[in-house]
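Chains, contacts and geometry: an overview
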Amino acid sequence: MTLGPAQRAKALREQIVAHDYRYYVLDDPSVTDAEYDALMVELRQLEAAHPELISPDSPTQRVGGAPSPEFRPVSHRVGMLSLDNAFADEDVIAFDRRAHERLASDGVAAPVDLLYSAEPKLDGLAISLYYENGRLINAATRGDGTTGEDVTANIRTLRCVPLQLRSAEQTRVQVPRELEVRGEVFMPTEGFMRLNERAAAAGEKVFANPRNAAAGSLRQLDPRVTAARPLQAFFYAVGHWQGVAAPDSHHELLRWLAELGLRTCPESRMVRGVEGCLAYYRDLGARRAQLPYQIDGVVYKVDARSLQEQLGQVARAPRWAIAHKFPADEAITLLREVEFQVGRTGTLTPVARLEPVVVGGVTVSNATLHNMDEIERKDVRIGDTVIVRRAGDVIPEIVRVVLDRRPQHARRVHLPESCPVCGHAVVRVAGEAAARCSGGYSCSAQRKEALRHFVSRRALDVEGLGDKLIEQLVDAELVRSPADFWALSVAQLSELPRMGEKSAANVVTALHERRQTTLPRLLHALGIPGVGESTAAALAAHFGSLQRLMEADQAALQAVSDIGPVIAASLRAYFDDAGHRNELKRLRDPAGAALEWPEHEGRKPTAEGPLTGLTIVITGSFTGITREEATEALQKLGAKVAGSVSGKTSLLIAGEEAGSKLAKAQALGVRVVGEQELKTLLSGQPI
DNA sequence: GCTCCTCGAGTTCT
DNA sequence: CTCGAGGAGC
């Protein structure tokens, strides 16, 4: 007998979903791709002939609806935590010891060797999927952990993501009424390479690494584009569930997810104790290059759920899990040339020009060598083969030279005798690491940098005056000193290449808006050697007006805290210079730049508040507040906000992606809190 | 005079 | 982020 179209469609869908499950979750396909495709074709034809049979969770409906105009924000009902990082074996040992100590102090009996569930840490994007009665309702990115973006339409196009969880009849487990499951979306290395090859052939821009490619693919407005990208996903955690008994351990949770049709990573293993963790780390590290996807470390999770609950979480990371990162990626490349850059203060900085090489997922072609001492210490020569690393995973640095590969013709690096930009003599003060161009303001490099600094965000904060524009203005000799900026007309600006009347007008308006400034900003903008943002603020608070500051002698200057003989002399030298005094006059002149700032009596008392006496350091990023805003708010409450962690630090407030400061605070035993506590503090309550 | 701490300055890539 | 150096305290 023949089936009616409705039954046939249902049968086809069940077969396709079953094949998806075998293929993605069990990794054991039972049909060829051609057979699978034939089923899809038949279902499509059937649905085309009988549109009433189409259901939203039909496998043909992965790419559905019109492109969504935006990615709506979605708040996670349970915050998506991040993990603490371990970089060395000792960090893992300490993590295990802390877990033991905590359990012991809570009176919980734990085995000598805790059981851990270990899995690779994929280099992709964390996502959260929400299923109701087994049906996929929405999908969101991790975002900041509290709020992510709605990427449902794009996630639906991933064939390894079930639109419908396996039913109660198909599984040996209960299907939850509600399930919020978390995992990682990533692009397998091979798919990434093919995608880039095609993009390069088509003259489109290529992605720097699989992670960026995955992120870019998920951010497509048109789901059809996402559907064509080779994205995959593994699931490894549950944020929220209802209508089902939770598995007792992480490894059972993974099994349970797989049973529901959610793909889990085949590399996850149970390991015993620290030794087991470290052995797993080494094994995976050795096989890293052979894995079909990119990983940046491994994750250990205390397996038993009862112990996880006992351990709880701190700030924004659980105490029962840690990510053990692989060492920073290093690459080997050729040092082609060493050039010297001239900074605002005339400092000559040697920069290595490298044969471009991919390190840690980005292409690096420059690396700073800091100064001549550094070059000698590392014995770097032009033509050398060098090992490059991204320090703190961000700024490229040359780790060392591969001496075996030094060619005969390798050249030593010599400090130029004259400035490469202006030709003035280069001087090196005995005992100082830096070499300087003696050209001062007549050196166009120093002038450009000084002008750039003057209008930079933390100084006068003029928008629209970027590096390129300043370069043009200096080269065209339209601007020589900061006061000249305010003499620019729209007509003059619009004559410059790539500058329309509209942008020119915007720049003039932006300059005008910043005429009203503050004394600390102005003092910082001047770029007096040794006077940065914080010293400028101290000077402004102490003297109250530019006039009184300019009249102060060395002794009066040294009365300001943090000002010693060196900075006092630097200030005096600056204000004694006729050129500088003339520039200040032009800046203040109502017929010139006409800058204005409020003056006061000076010596503003430091704020007294509930936090007086505390030295607080802030690191990482927060959701509702920037670090700058938090700093200001804490200072208003009387706290001293410092830039680095030391023995004197009373508290470290760590946000997302906290770096070395967090590690240092932990090493020094400084108390660490998170954004929650920051908010509590700012509301005036103790923590 | 020594040591610790903080600030300033310079830097990369997307 | 990191390094160098000035400032402050012992």
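Relevant structure appears above.
Residues numbered from 1 in each chain as written. Chains lettered and ligands numbered in written order. Predicted model: local features only at pLDDT ≥ 70, side-chain atom pairs only at ≥ 80, totals over all residues. Heavy atoms only, no water.

1. Some words on the packing of helix α1 (residues 5-25) against helix α2 (residues 33-49)
The axes of two packed helices give the description: the angle between them and the distance between them. Put simply, the test is: Geometry is summarised by axes, namely lines fitted to C-alpha atoms with helices restricted to the contacting stretch, and by angles between N-to-C directions that run from 0 to 180 degrees. By the criteria applied, helices consist of DSSP H or I runs no shorter than four residues and strands consist of E runs no shorter than two, each listed in order from the N terminus. For any pair of crossing helices, the crossing counts as left-handed if the nearer helix is rotated counterclockwise from the farther one by less than a right angle, and right-handed if it is rotated clockwise. Residues count as neighbours in contact if any of their non-hydrogen atoms are within 4.5 Å of one another. Classification used: nonpolar for Ala, Val, Leu, Ile, Met, Phe, Trp, Tyr, Cys and Pro, charged for Asp, Glu, Lys and Arg, polar for all others including Gly.
Contact pair α1 / α2: the axes reach a minimum separation of 10 Å and the direction vectors enclose 145 degrees. Viewed along their axes, α1 and α2 form a crossing whose handedness is left-handed. Facing α1, whose interface residues are P5, R8, A9, L12, R13, Q15, I16, H19 and D20, α2 presents Y36, L39, M40, E42, L43, L46 and E47. Residues of the contact of α1 with α2, tallied by class, amount to nine nonpolar, two polar and five charged.

2. Quick notes on the sheet that holds strand β3 (residues 115-122)
Defined as follows: We treat two strands as partners when DSSP finds at least two bridges between them.
Taken together, the five strands give an open sheet; going across it, the order is β2-β13-β10-β3-β9, and neighbouring strands pair in mixed fashion. In the strand order of this sheet, the two ends are held by β2 (84-86) and β9 (269-272), each with one partner. Strand after strand, the sheet turns through a mean of 35 degrees between neighbouring axes, direction not considered. Looking at chain direction, β3 and strand β10 (residues 295-302) are connected through seven bridges and run antiparallel. What sits directly across from E119, in β10, is V299. Along the sheet, helix α3 (residues 89-105) makes contact with β2, β3, β10 and β13 (321-325), crossing β13 at roughly 170 degrees. Along the sheet, helix α8 (residues 250-259) contacts β3, β9 and β10; its crossing angle with β3, the most-contacted strand, is approximately 55 degrees.

3. Digging into α3
This is how the line gets drawn: To estimate how far a helix should reach, multiply one less than its number of residues by 1.5 Å. For every residue, the accessible area obtained with a 1.4 Å probe (protein chains only) is divided by the maximum for its type, and the residue is called buried under 20%, exposed over 50%, and partly exposed between those limits.
With 17 residues, α3 should cover 24 Å at 1.5 Å per step; its first-to-last C-alpha distance of 24 Å lies within 8% of that length. Regarding α3, the residues found buried are V92, A94, F95, D96, A99 and L103. On its buried side, α3 packs onto β2, β3, α9 (273-287), β10, α10 (305-311) and β13. Two residues or fewer past α3, G107 is found with a positive phi of approximately 75 degrees.

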